[in-house]
Number of protein chains: 4
Amino acid sequence: MAIRVTVWNENLHEQENKIVASVYPDGIHGAIVTALNGDAGISASAATLQEPEHGLTEEKLAETDVLFWWGHKAHGDVSDQVVERVCNAVWSGMGMVFLHSAHFAKPFKRLMGGPCNLTWREAGERERLWVTSRNHPITAGLPTHFELENEEMYGEPFGVPEPLETVFLSWFSGGEAFRSGLTYKRGAGNIFYFRPGHETYPTYHDQNVQRVLLNAAKWAYNPAPRLSDPNVAPNVPVTEALEPIEERGPRLHQDGEEGYR
Amino acid sequence: MAIRVTVWNENLHEQENKIVASVYPDGIHGAIVTALNGDAGISASAATLQEPEHGLTEEKLAETDVLFWWGHKAHGDVSDQVVERVCNAVWSGMGMVFLHSAHFAKPFKRLMGGPCNLTWREAGERERLWVTSRNHPITAGLPTHFELENEEMYGEPFGVPEPLETVFLSWFSGGEAFRSGLTYKRGAGNIFYFRPGHETYPTYHDQNVQRVLLNAAKWAYNPAPRLSDPNVAPNVPVTEALEPIEERGPRLHQDGEEGYR
Amino acid sequence: MAIRVTVWNENLHEQENKIVASVYPDGIHGAIVTALNGDAGISASAATLQEPEHGLTEEKLAETDVLFWWGHKAHGDVSDQVVERVCNAVWSGMGMVFLHSAHFAKPFKRLMGGPCNLTWREAGERERLWVTSRNHPITAGLPTHFELENEEMYGEPFGVPEPLETVFLSWFSGGEAFRSGLTYKRGAGNIFYFRPGHETYPTYHDQNVQRVLLNAAKWAYNPAPRLSDPNVAPNVPVTEALEPIEERGPRLHQDGEEGYR
Amino acid sequence: MAIRVTVWNENLHEQENKIVASVYPDGIHGAIVTALNGDAGISASAATLQEPEHGLTEEKLAETDVLFWWGHKAHGDVSDQVVERVCNAVWSGMGMVFLHSAHFAKPFKRLMGGPCNLTWREAGERERLWVTSRNHPITAGLPTHFELENEEMYGEPFGVPEPLETVFLSWFSGGEAFRSGLTYKRGAGNIFYFRPGHETYPTYHDQNVQRVLLNAAKWAYNPAPRLSDPNVAPNVPVTEALEPIEERGPRLHQDGEEGYR
């Protein structure tokens, strides 16, 4: 069965800016959905900020194996309820891929636990990405490096936790270097951050970038059944202890009580 | 100069429960403050939920090198504003030590980005902690293992991200094992989670536990000046690029503009 | 195409000890090969210390996607040439699973870079394994914990580097806890260490253990083409630099020279 | 008491090459020793390949808190016995800092467990190092970035394991990026790899580089007593088990027996 990917986009620049609209006539989400659907193993569709509940209802998330996220100018417009829902889906096992300016998206900041900040410059300079982790699934089919002739620069320090693995580094013409591909796990969910993708450049039409997105979808996908409640903290009564023990000492909790939260 | 530690406690069980009050007549915070002040290199004081702004004003945090956190039944009563303030202090370089049931404290969940859940049993069973990272600063002066005759059990899976280092494992009489000492870094701040410390048992009077707390305060302390704004994401104009580049391609942002958040 | 697994065993206890021979009449390697071949996606065969080049020729390794390793009393009899060959295969992309007493096997020590030591006790005590990483591929189909009624104890500190992920913890009747499932990457190769498997107990006949081994084979398998030379350190001449630069300053090396090793 | 640092150098280029001799009239080791001794908290001395046992006797290592290592053309001339001795000292708690071309030094390869390879170009191009880990002790007193006008280029993929933390990234004029500062722990010992330092350039006279070396010495130093035997794997007899257990099942080992290695 194909991996079900939902590509979420705030979908504003495409509506408000002629340049972005001309680069992405179907929206950034449209370009990514088309690219992903070019692989028989993936079934991708889109969701946008403008839809009810931003297109991310409980039902939609339950049918999403991997969620891609692109946002920039409207991070603050994403409802906290949807953010909580998305985080719970990740903790339950949904994969997630954060793109470019989503470094400041609410769910990314929430899942990272850090400030997620960086330096930046919009000058259409050259970016060159280098593979740092040999034969990592996310680099399948890629050369050792590839270039994007025009990109926004992001510079270090990048305010994220140490990743499980650093998969790409970027070199920029203006003199900066950046950790551009980082993997994480939160709860049962796999997370990948991928740097490129400024809205005024045709980054998501680039074949190497599309290859990364395809690989990332497959890497982030976890075939295990989604956890029904990723936040459960069950009490294990003395009578059900795996080794015979007797209750000792004073107690705070009563039998059958829920723990505090 | 001594490391300035603030020990935060919700301070409720000590007021409401006779057993806890008898074990910790000066409160859990009082016991920890006393233990830490036994070391000439540390200057510890307390803050509690009941104080204005929970005792954690901007001024107090600015004068705190390392913040300890104990909470259990009133996680929800901690104001979101204080949580945000605490996280910003950590990202700026303040060290932080989370104790026992603080696994569900708001700032811990916020800094971890995961569900932070676990299984539990309050039966006064034996816990034995094993050092897993040889000569780690947090284990200085400890034997290879030590016991707490009565403790609450916490069981895996513990819903936290992979740590930088696993420092302790716990063994429980009832049959569980747990990762009991975990290190993290978020922004510029060092974080340590330490499992033991159920309020009905005299855990914080134990000498080995006190040794861990002392070591953790010293480990988490970062002598570097606190960052003035841990969330800053500065634009680097083309004219200030470190390598000479010319602006190319279309732009979204105007000169001098702040980036989106 | 099926994943090609080679199960290597020193195959001595089975020949020399009646108890081991009765528990594993086809050898530990035989039991594991049979278990793995029960999955249609795996094609497993064995290799042993006694074969020429220990059964691990260049050709054999080139046809091995994942190598399992069990050794105990004859670590020192494994030729250094074969160890180097195995390490090069791992660095080129071959997966590897080290079992139980292989913690002291030459290739494990060589790939870990640490002492790999631990404490131990052979008393047939109960071991209970706990899953620590929710929905990790290596835990697919497993309960949250499972028991082995008779096992050798291994205790901390385990002298290995911090893993990419801790997948299992073990609890032992005698009072120890241990990190029993650890993942690593070395060069392009995935590595998994799995603790259970003392030769006098029927551990490899246990269904949960067999499930772990199956999962580990699939996890460690990397479909990417094997690197032709994992140790290559190519010179990039100035004339082939990706950005135009001019040679400056004094030189040590001559054109076309190999670097030092 | 001052941290005792030994700076090891193969000390060949300085003897054989006029350029290197003019840049480092006291040898690379001499320059580093002088720089480190500028800090009151450090007491540094040198050891070289040419001395008996390369200047690294058991006695010398026992009196060394942190060992620096610079080698290039004579990696193969370092005796395996000394390499084993150095690794044992690290596992016992000695800190170690590997510099530049020491990426291919025998002890580095031995401690990493990987191929440790990279790409390279000797063209005197500009290197710019970026701090990636805010307020890391190794970056104390450094700006967010600093430049070395002439350096050898090293490019990714760098064949080392994922580090505990990535502390620096490098940008090169010719178009490459590299992970230039990486921390590890092996056994009880802290390890830092720092990229810059080609012998024909005055890198070790640079104030920022000297600051990194000073910081690295302090970071790598572990005040805990050195382990007497980092490879010990003690048997814990049933009679000394921490929980009362009875021996069960068949045995392979006899009472008081050493385990296999």
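Note on numbering: residues in each chain are counted from 1, in written sequence order. All chains are assigned letters beginning with A, and all ligands numbers beginning with 1, in the order in which they are written. Residue-level local features of this predicted model are given only where pLDDT is at least 70; pairs of side-chain atoms are given and counted only at 80 or more, and the full residue set underlies all totals for whole chains, interfaces and linings. Excluded from the side-chain calculation are hydrogens and water; included are all heavy atoms of the structure.

**Remarks on the overall build of chain A**
What counts here: Where helices and strands are cited, they refer to DSSP runs of H or I of at least four residues and of E of at least two residues respectively, numbered from the N terminus. Summary of the burial criterion: residues with accessible area below 20% of their type's maximum are buried, those above 50% are exposed, and those between are partly exposed, where the area comes from a 1.4 Å probe applied to protein chains only. Only heavy atoms matter for contacts: two residues are in contact if any of them lie within 4.5 Å across the pair. Note on areas: these come from Shrake-Rupley sampling with a 1.4 Å probe, and a residue is covered only by the protein chains present in the view. When charges are counted, Lys and Arg are positive and Asp and Glu negative, with His and the chain ends excluded. Charged side chains are reduced to one point each, which is NZ for Lys, CZ for Arg, CG for Asp and CD for Glu.
Secondary structure summary: chain A contains seven helices and nine strands in total. Each principal axis of the C-alpha distribution contributes one length, and for chain A these read about 70 × 40 × 35 Å. Out of the 261 residues in chain A, the part that is buried amounts to 68%. Partitioning the contacts of chain A with sequence separation of at least 6, the portion at a separation of at least 24 is 71%. When the accessible surface of chain A is summed, it comes to about 8600 Å², and 49% of that surface belongs to carbon and sulfur atoms. Distance between charge centroids for chain A: 4 Å, based on 22 positive and 35 negative side chains.

**Considerations on the interface of chain C and chain D**
Accessible area lost upon the coming together of the parts serves often as the stated size of an interface. To keep it simple, the criterion reads: The term buried area denotes the loss of accessible surface (1.4 Å probe radius) that occurs when two parts are joined, taken as the sum for both partners. Salt bridge, as applied in this entry: a Lys or Arg side-chain nitrogen positioned within 4 Å of an Asp or Glu carboxyl oxygen. We call two N or O atoms a polar contact when they sit within 3.5 Å, provided that within protein one can donate a hydrogen and the other can accept it, with sequence-adjacent residues counted only if both atoms are side-chain atoms. Note on residue categories: nonpolar means Ala, Val, Leu, Ile, Met, Phe, Trp, Tyr, Cys or Pro, charged means Asp, Glu, Lys or Arg, and polar means any other residue, Gly included.
Across the boundary between the two partners, chain C contributes 70 residues, which contact 70 residues of chain D. Where chain C abuts chain D, roughly 5500 Å² becomes buried across the two surfaces, and 57% of that area is made up of carbon and sulfur atoms. In this structure, the connection of chain C to chain D is made through two salt bridges. Between R248 of chain D and E149 of chain C there is a salt bridge; the shortest N-O distance is 3.0 Å. Here chain C and chain D share 32 residue pairs in polar contact (both at pLDDT 80 or more) between them. Within the residue set of the side of chain C that touches chain D, elements represented by two or more residues are α2 (18-23), α6 (106-112), β5 (119-131), β6 (145-155) and β8 (177-186) of chain C. The element that contributes the greatest number of residues to the side of chain C that touches chain D is β5 of chain C, accounting for eight residues. Taken together, the residues of the side of chain C that touches chain D sort by class into 27 nonpolar, 21 polar and 22 charged.

**Considering the packing of helix α3 (residues 27-37) of chain C against helix α7 (residues 207-220) of chain C**
Residues and elements named next belong to chain C. To keep things clear, this is the line we draw: Note on method: axes are straight lines fitted to C-alpha atoms, helices fitted across the in-contact stretch only, with angles between N-to-C directions ranging 0 to 180 degrees. Orientation is classified from the angle alone, with under 35 degrees giving roughly parallel, over 145 giving roughly antiparallel, 65 to 115 giving roughly perpendicular, and any other angle giving oblique.
At a minimum axis separation of 9 Å, α3 and α7 run at an interaxial angle of 70 degrees. In this view, α3 runs roughly perpendicular relative to α7, as classed from their interaxial angle. Residue-level contacts link I32, A35 and L36 of α3 to Q210, L213 and L214 of α7. Of the residues in the contact of α3 with α7, the class split is five nonpolar, one polar and no charged.

**Side note on the relation of the copies chain B and chain A**
Under the convention used in this document: Here the copies are matched by least squares. The fit uses the C-alpha atoms of residues with pLDDT of at least 70 in both.
Rotating chain B by 180 degrees and translating it 0.0 Å along the rotation axis places it on chain A, where the RMSD comes to 0.0 Å. The symmetry that links the two subunits is that of a two-fold axis. Across chain B, the rotation axis passes nearest the C-alpha of G113 of chain B, at a separation of 2.5 Å. In this assembly, 100% of the residues forming the interface of chain B have copies in chain A that are likewise at the interface, indicating an isologous arrangement.

**Considering the interface of chain B and chain A**
Residue-level contacts link 70 residues of chain B with 70 residues of chain A. Contact with chain A buries surface across chain B, with W120, R248 and Y260 of chain B losing the most and accounting together for 14% of the total. Taken together, the connections running from chain B to chain A amount to two salt bridges. On inspection of chain B and its partner chain A, the count reaches 32 residue pairs in polar contact (both at pLDDT 80 or more). Those elements that provide at least two residues to the side of chain B that touches chain A are α2 (18-23), α6 (106-112), β5 (119-131), β6 (145-155) and β8 (177-186) of chain B. Residues belonging to the side of chain B that touches chain A are distributed by class as follows: 27 nonpolar, 21 polar and 22 charged.

**Section: the relation of the copies chain C and chain D**
What relates the two chain copies is a rotation about an axis together with a slide along it. If you rotate chain C by 180 degrees and push it 0.0 Å along the axis, it lands on chain D with an RMSD of 0.0 Å. Mapped onto chain D, 100% of the interface residues of chain C again fall at the interface, so both copies present the same surface.

**What about the side chain of S92 of chain C?**
Within the secondary structure, S92 of chain C is located in helix α5 (residues 80-92). Once residues within four sequence positions are removed from consideration, S92 of chain C is found in contact with N135 of chain A together with A188, R226, L227 and P230 of chain C.

**Some thoughts on the packing of aromatic side chains**
Quick reminder of the rule: Each Phe, Tyr or Trp ring (for Trp, its six-membered ring) is paired with any other whose centre lies within 6.5 Å, and the angle between the two planes then decides the class: stacked below 30 degrees, edge-to-face above 60, tilted in between.
Under the definition given, this model contains 46 aromatic pairs over all chains. Centre to centre, the rings of W171 of chain B and W171 of chain C are 5.5 Å apart; their planes meet at 10 degrees, and the pair counts as stacked. Taken together, the residues W171 of chain B in strand β7 (residues 165-172) and W171 of chain C in strand β7 (residues 165-172) connect one chain to another. Looking at W171 of chain B, the relative accessible area reads 2%, which means it is buried. Site record: aromatic cluster; members linked through ring pairs are F98, F108, Y154, F158, F178 and Y193 of chain A.

**Observations regarding the pairing of strand β4 (residues 95-99) of chain A**
Residue and element names in this part refer to chain A. We count it as follows: Whether two strands pair depends on DSSP finding at least two bridges between them. The handedness of a crossover follows from its direction of travel: if, with the strands pointing away from the viewer, the path from the first strand over the helix to the second runs clockwise, the crossover is right-handed.
Summarising burial for β4: five of the five residues are buried, a large majority. Of the pairings in the sheet, the one linking strand β3 (residues 66-70) to β4 comprises four bridges and is parallel in character. The residue of β4 that forms the bridge with W69 is F98. Considered for its hand, the β-α-β crossover made up of β3, helix α5 (residues 80-92) and β4 is right-handed. Summarising the sheet, β4 and strand β9 (residues 189-194) pair through four bridges and their orientation is parallel. Bridging across to β9, L99 finds its partner in F194.

**What about the UniProt feature "domain: ThuA-like" (unreviewed entry) in chain A?**
Cut-off, in case you're wondering: UniProt positions are given in the numbering used here, feature names are shortened, and annotations may be inferred rather than shown by experiment.
With numbering aligned to this structure, UniProt lists the feature "domain: ThuA-like" (unreviewed entry) at residues 4-220 of chain A. Helix makes up 28% of residues 4-220 of chain A and strand 33%. Its end C-alpha atoms lie 11 Å apart.

**So, the sheet that holds strand β4 (residues 95-99) of chain B**
All names here are of chain B. Reading across the sheet, the nine strands line up as β2-β1-β3-β4-β9-β8-β7-β5-β6 and stay open at both edges, with mixed pairing between neighbours. The two strands at the open ends of the sheet, each matched to only one other strand, are β2 (42-48) and β6. Each adjacent strand pair in this sheet contributes to an overall mean axis angle of 25 degrees, direction not counted. Contacts from helix α5 (residues 80-92) reach β3 (66-70), β4, β8 and β9 (189-194), with the element oriented near 115 degrees to β9. Packing of helix α7 (residues 207-220) onto the sheet brings it into contact with β1 (3-9), β2, β3, β4, β6, β7, β8 and β9, and relative to β9 it is tilted by some 165 degrees.

**Some thoughts on unusual backbone geometry**
Residue E156 of chain A is joined to P157 of chain A through a cis peptide bond whose omega torsion reads 0 degrees. Relative to the assigned elements, P157 of chain A resides in the loop between β6 (145-155) and β7 (165-172). Phi at E53 of chain C takes a positive value of approximately 55 degrees, unusual for a residue other than glycine. As for its position among the elements, E53 of chain C is in the loop between β2 (42-48) and α4 (58-62).

**Thoughts on the pattern of salt bridges**
Residue and element names in this part refer to chain B. Counting across every chain of the model gives 68 salt bridges over all chains. The salt bridge partner of E125 is R121, with a shortest N-O separation of 2.9 Å. With a relative accessible area of 1%, E125 lands in the buried category. Residue classification places R121 among the buried residues on the basis of a relative accessible area of 1%.

**Quick notes on the sheet that holds strand β1 (residues 3-9) of chain A**
Residue and element names in this part refer to chain A. The strand order β2-β1-β3-β4-β9-β8-β7-β5-β6 describes an open sheet built from nine strands, whose pairing is mixed. Strands at the two margins of the open sheet, each flanked by one partner only, are β2 (42-48) and β6. Here the average twist between neighbouring strands, direction ignored, is 25 degrees. Here strand β5 (residues 119-131) pairs with β7 via five bridges, running antiparallel. Bridge pairing in β7 places L129 opposite S170.

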